[in-house]
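# Fold and geometry: a report
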Amino acid sequence: MASSTPKRTLPLSPNIQIYRPQLTSVLSIANRITGVVLSIYAVTLVAWLISAAAGPQAYSTVHGFIRSSFGQILLFGCTYSFFLHLCGGIRHLAWDAGYGFELRTIYASGWAVLAMSAALTLITWAASIGSAR
Amino acid sequence: MRSPLGRALGLGSAKDGVEQWWLERVTAIALVPLTLWFVASLVVHMNSDYATAIAWLQTPRATTLMVLLLTALFWHTALGLQVVIEDYVHSGLKFPLLIAMRFGCFVLAVAGILAVLRICFRG
């Protein structure tokens, strides 16, 4: 009987795929993902600076790509990633200083991070479109 | 830099974990004003032409803050990506990946700072 039982590999903890996503866990991984995404955008920042140093022709090529609709979508993603990472980072700094560990506070600050990052992204783009006119 | 407890007990692994942890926070605090200044500047200058953008980058304030931004940004990036790689890469690829990431961050920081200085000193 015992020999007929197929040998099973026991699941290892933590098995994150069986957990229901929660605000706390989603924001936690979001801070990492936006961090990695922003480091890719940082390469673009350096490319932009190098093109500006190289001269008007190189600059207009890079600037033209940024001003294209695809470039603008990427830039919008960059803006949102930045503000999410910024607000999430400030939340982390508060935790590091020893504040905000009560469950209610953790959820309140989590929703505040989502609201603030969305608001700051929209304000930035509204100001940018406004300054273009 | 060691934690007081670690110093008292004389224990610890590489003895420099606390300093890395602190530097990630210190660079994060520095990046709050620097990145907000940069985003605000882009809002103003994103739609301007080449000459205006260069004239802005050549101002002493913009040059100084851009060099500080690039330094803090790639330092923070290197520390953050190091944690990500150490957490998720457990194969033999981990070490070369860490070295490559460090080199990449250093090269980008140097290239970015030199570009800013070239713009600054072009006159």
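Residues numbered from 1 in each chain as written. Chains lettered and ligands numbered in written order. Predicted model: local features only at pLDDT ≥ 70, side-chain atom pairs only at ≥ 80, totals over all residues. Heavy atoms only, no water.

Our focus in this paragraph is the interface of chain A and chain B. Every contact between the two is made by 31 residues of chain A and, on the other side, 37 residues of chain B. Here chain A meets chain B over a buried area of about 2,800 Å², counting both sides, of which 75% is carbon and sulfur. When the buried surface of chain A facing chain B is broken down by residue, Arg32(A), Leu49(A) and Ala53(A) rank first, second and third, together holding 20% of it. Taken together, the links from chain A to chain B amount to two salt bridges. Between Asp96(A) and Arg25(B) there is a salt bridge; the shortest N-O distance is 2.7 Å. Taken together, the links from chain A to chain B amount to seven residue pairs in polar contact (both at pLDDT 80 or more). Elements with a minimum of two residues in the side of chain A that touches chain B: helix H1 (23-54), helix H2 (56-67), helix H3 (69-96) and helix H4 (103-132) of chain A. Here the side of chain A that touches chain B takes 14 residues from H1(A), the largest share from any one element. (Contact = heavy atoms within 4.5 Å. Buried area = accessible area lost by both parts, 1.4 Å probe. Salt bridge = Lys/Arg side-chain N within 4 Å of Asp/Glu carboxyl O. Polar contact = N/O pair within 3.5 Å; in protein donor to acceptor, adjacent residues only side chain to side chain. Helix = DSSP H or I, 4+ residues; strand = E, 2+ residues; numbered from the N terminus.)

Attention now moves to the packing of H1(A) against helix H4 (residues 60-88) of chain B. Interaxial distance between H1(A) and H4(B) falls to 10 Å at its minimum, and their mutual angle equals 140°. If you check the angle between H1(A) and H4(B), you find them oblique. The interaxial crossing formed by H1(A) with H4(B) has left-handed handedness. From H1(A), Ile29(A), Arg32(A), Val36(A), Ser39(A), Ala42(A), Leu45(A), Val46(A) and Leu49(A) reach across to H4(B), where they touch Met66(B), Leu70(B), Leu73(B), Phe74(B), Thr77(B), Leu81(B), Val83(B), Val84(B), Asp87(B) and Tyr88(B). (Axes fitted to C-alpha atoms, helices over the stretch in contact; angles between N-to-C directions. Parallel < 35°, antiparallel > 145°, perpendicular 65-115°, else oblique. Left-handed = near helix turned anticlockwise from the far one by under 90°.)

Of all the residues in helix H3 (residues 50-57) of chain B, the buried ones are Tyr50(B), Ala53(B), Ile54(B), Trp56(B) and Leu57(B). All buried residues of H3(B) fall inside an arc of 160° around its axis, so they share one side. Elements that come into contact with the buried residues of H3(B) comprise H1 and H2 of chain A together with helix H2 (17-45), H4 and helix H5 (94-121) of chain B. (Buried < 20%, exposed > 50% of the residue type's maximum accessible area, 1.4 Å probe, protein only. Arc of directions from axis to C-beta.)

In this section: the packing of aromatic side chains. How two aromatic rings sit relative to each other is set out by the distance from centre to centre and by the angle between their planes. Enumeration over the complete set of coordinates arrives at ten aromatic pairs over all chains. Here Trp21(B) and Trp22(B) contribute two aromatic rings whose centre-to-centre distance is 5.9 Å and whose plane-to-plane angle is 85°, an arrangement assigned as edge-to-face. Residue Trp22(B) is classed as partly exposed on the basis of its relative accessible area, which comes to 43%. Among the aromatic side chains, those forming a connected cluster through ring pairs are Trp48(A), Tyr59(A), Trp37(B), Phe38(B), Tyr50(B) and Trp56(B). (Phe/Tyr/Trp six-rings, centres within 6.5 Å; stacked < 30°, edge-to-face > 60°.)

By themselves, these figures tell us nothing about what the structure is for.
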